[in-house]
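Architecture and fold: a report
The lines below spell out each chain.
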Amino acid sequence: MKITGHYPILDTIESPADIRHLPKNKLKPLAAELREFLTHTVSISGGHFSAGLGTVELTVALHYVFDTPSDQLVWDVGHQAYPHKILTGRKDRMTTIRTRDGICAFPNRAESEYDAFGVGHSSTSISAAL
């Protein structure tokens, strides 16, 4: 399903490397577009979007500062990673969460090199990172 909307910055992001090429004054507008996109796609597919909404700016900042996937991000709550999924090449598949052959609702190492750990609901990140 093609996602409709006006996302002039987000539509230029294919990977975190694209974020790192943005000037800093574009990061806040990117976060706003990411939040709007996330809200729109989860309204279509269903799922838990509040955890992801709470990590939008954090996700943008982490991918801007760190050299992912070389620098690995470990999420404590899998649903926090929805913005991460969008920014790591899975934007066009976000509406497939919870569908047959769709993307996983949690980080999944088999799905993306950007998913360092297959986390579920919570409280496994510290042991996984160690």
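Please refer to the structure higher up on the page.
The notes below deal with the structure included here. (Residues numbered from 1 in each chain as written. Predicted model: local features only at pLDDT ≥ 70, side-chain atom pairs only at ≥ 80, totals over all residues. Heavy atoms only, no water.)

For the protein chain, the helix and strand inventory stands at six helices and zero strands. Secondary structure elements of the protein chain, listed N to C terminal, follow the sequence α-α-α-α-α-α. Relative to the compact-globule value of 14 Å for 130 residues, the protein chain shows a C-alpha radius of gyration of 14 Å, a close match. Considered along the principal axes of its C-alpha atoms, the protein chain spans approximately 40 × 35 × 25 Å. By sequence separation, contacts in the protein chain at least 24 residues apart represent 64% of the contacts at least 6 residues apart. In the form shown here, the protein chain has an accessible surface area of approximately 7,000 Å², with 53% of it arising from carbon and sulfur atoms. (Helix = DSSP H or I, 4+ residues; strand = E, 2+ residues; numbered from the N terminus. Rg over C-alpha atoms; globule rule 2.2 N^0.38 Å. Contact = heavy atoms within 4.5 Å. Areas by Shrake-Rupley, 256 points an atom, 1.4 Å probe, with all protein chains shown as cover.)

Glancing now at unusual backbone geometry. The omega torsion of the bond from threonine 68 to proline 69 falls at 10°, within 30 degrees of zero and hence cis. Position of proline 69 among the secondary structure elements: in the loop between helix H4 (56-65) and helix H5 (82-90). Unlike most non-glycine residues, arginine 98 shows phi in positive territory, near 70°.

Moving on, we come to the nonpolar core. Across soluble globular proteins, nonpolar side chains show a tendency to be buried alongside one another. Among the nonpolar cores identified, the biggest contains 22 residues, and Leu10 and Leu30 are the most heavily contacted of them. For this core, the elements supplying multiple residues, two or more each, are helix H2 (27-45), H4 and H5. Here this core gets seven residues from one element, more than from any other, and that element is H2. Ranked by size, the runner-up nonpolar core spans five residues in total, among them Leu62, Trp75, Ala81 and Val119. (Core = buried A, V, L, I, M, F, W, Y, C linked by side-chain atoms within 4.5 Å. Buried < 20%, exposed > 50% of the residue type's maximum accessible area, 1.4 Å probe, protein only.)

Moving on, we come to the packing of aromatic side chains. For any pair of aromatic rings, the description consists of the separation of the ring centres together with the inter-plane angle of the planes. Applying the stated criterion to the full structure yields one aromatic pair. Seen in terms of ring centroids, tyrosine 7 and phenylalanine 37 are 5.3 Å apart; in terms of plane orientation they differ by 85°. Their pairing is edge-to-face. Note that tyrosine 7 is positioned in the segment before helix H1 (16-20) and phenylalanine 37 in helix H2, a separation of 30 residues in sequence. According to the relative accessible area criterion, tyrosine 7 is buried, its value standing at 4%. (Phe/Tyr/Trp six-rings, centres within 6.5 Å; stacked < 30°, edge-to-face > 60°.)

Read these as geometric descriptors, not functional statements.
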